[in-house]
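The lines below spell out each chain.
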Amino acid sequence: MTEFILNIMKALVILNFPLFILLSYLPKDYHLDGSDIILNYQLEKLNKSKSLKIGFFGDSSCGNAIDASVFGEQSLNLSLVGAYNLSGTLKMIKKTHQSGHKLDTAIIIHTLDVFSRKNNLDEKFEKNYSYNEIFRRKFKIFIKKLINSDHKYLFMNKNMIENDYLMQNKDQHPIKVQNNFILDEPLSAKNMNIIDSIVEYCNEQEIVYLFLIGPNVNILQNENYNSILKFFRENNYNFSNNFYDINSDNVGDGNDHVRYSYKLESSKFYKDQIRKFFKKKSKNIR
């Protein structure tokens, strides 16, 4: 019986040996998804920065819309993806301020539906994949690509950095623009608390902050949309609901993603909105 089991194990090893060799030669980042890639990229960018005063925090709508160089040499776009939620933004603001930089200004730009979300990817900030996890993830991704005939990215990670953010899906670029964006849920209770925490932290650290809505198509102002405006208004938090309009000319691979060639234009739009807001508040971005 023991000899039979040993023979079975030997056969499995022989049959799977080519697969083990293949997976071992795949790129080191093959197992990482987009949320991993952008987090690592932004943290590395932050660590390499010698001087930072203005930080942009948010999701892909901010990552694709803001060219930080428009705001000066001491500015960085440190946006993650929407799945990190506002909790991820709070963590990035803290990491930025605690990294030795004197963060003066935090500009927070999220696509509208992030405000209603309840889940986040906080665990990613401390995540270290074990060898077994890496192997399983590589195997799963490789097999999925084989099944989907994704030969172009079969031996490489399709989540790459381009234009200072995750590369847009060029197979969906440009997409057909919908007429209106309709928010299906109101501002979540969890995000109310996170926004409170962001404001509290910024005030404690004397960081000037401003929340804005990321680029989008026309937004239907229903009760869910109004719940966001009401929360910021009643708490007297720094917030502007002016956003860069997405249309058939400037749309990227999503209704809240700016096409690469329009990133400079959208950056100047938000720069103008930020200046107008703080002018009314009698404050200046330092």
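What comes next is a walk through the structure. (Residues numbered from 1 in each chain as written. Predicted model: local features only at pLDDT ≥ 70, side-chain atom pairs only at ≥ 80, totals over all residues. Heavy atoms only, no water.)

### Details of helix α2 (residues 34-48)
So the rule is basically this: Numbering of helices and strands runs from the N terminus; a helix is a DSSP stretch of H or I covering at least four residues, while a strand is a stretch of E covering at least two. One fewer than the residue count of a helix, multiplied by 1.5 Å, yields its expected span. Type-normalised accessible area, obtained with a 1.4 Å probe on protein chains alone, sets the label of each residue: buried when under 20%, exposed when over 50%, and partly exposed for intermediate values. By the convention used here, residues are in contact when the closest approach between their heavy atoms is within 4.5 Å.
With 15 residues, α2 extends 21 Å between its outermost C-alpha atoms, agreeing within 8% with the 21 Å of an ideal straight helix rising 1.5 Å per residue. Along α2, the residues that are buried comprise G34, S35, D36, I37, I38, L39, Q42, K45 and L46. Contacts from the buried residues of α2 go to β2 (75-77), α4 (85-98), α5 (131-147), β4 (161-162) and β5 (165-166).

### With respect to the side chain of S116
The following threshold applies: In the analysis that follows, any N or O atom pair within 3.5 Å is treated as a polar contact, provided that within protein one partner can donate a hydrogen and the other can accept it, and provided that, for residues neighboring in sequence, both atoms belong to side chains.
Relative to the helices and strands, S116 resides in the loop between β3 (105-110) and α5. Judged by its relative accessible area of 9%, S116 falls in the buried class. A polar contact is formed between the side chain of S116 and the backbone oxygen of D113, at a distance of 2.9 Å.

### Thoughts on the pairing of strand β6 (residues 208-213)
The condition is simple: Following DSSP output, two strands are said to pair if at least two bridges run between them. The handedness of a crossover follows from its direction of travel: if, with the strands pointing away from the viewer, the path from the first strand over the helix to the second runs clockwise, the crossover is right-handed.
The element β6 is largely enclosed, with a buried count of 6 among its 6 residues. Of the two faces of β6, the one lined by V208, L210 and L212 and the one lined by Y209, F211 and I213 are each fully buried. Both β3 and β6 contribute to a ladder of 6 bridges, which runs parallel. Considered in β6, the bridge of I109 is made with L212. In terms of strand pairing, β6 meets strand β7 (residues 239-240) through 2 bridges, oriented parallel. The partner of L212 across the bridge, within β7, is S240. Between the parallel pair β6 and β7, the chain is carried across by helix α7 (residues 223-235), and the sense of this crossover is right-handed.

### Re the pattern of salt bridges
Condition: Salt bridges are defined as contacts in which a side-chain nitrogen from Lys or Arg sits within 4 Å of a carboxyl oxygen from Asp or Glu.
If you walk through the whole model with that rule in mind, you get 13 salt bridges. Close ionic contact of K124 with D36 constitutes a salt bridge, the shortest N to O distance being 3.0 Å. In this pair, K124 is assigned in the loop between β3 and α5 and D36 in helix α2, connecting sequence segments 88 residues apart. In this structure K124 comes out as buried when scored by relative accessible area, which is 11%. Here D36 falls in the buried class, since its relative accessible area comes to 5%. The partner of K276 in a salt bridge is D272, and the shortest N-O contact between them spans 3.2 Å. Of this pair, K276 and D272 both sit in helix α8 (residues 263-280), 4 residues apart, which is roughly one turn of the helix. The exposure class assigned to K276 is partly exposed, which follows from its relative accessible area of 45%.

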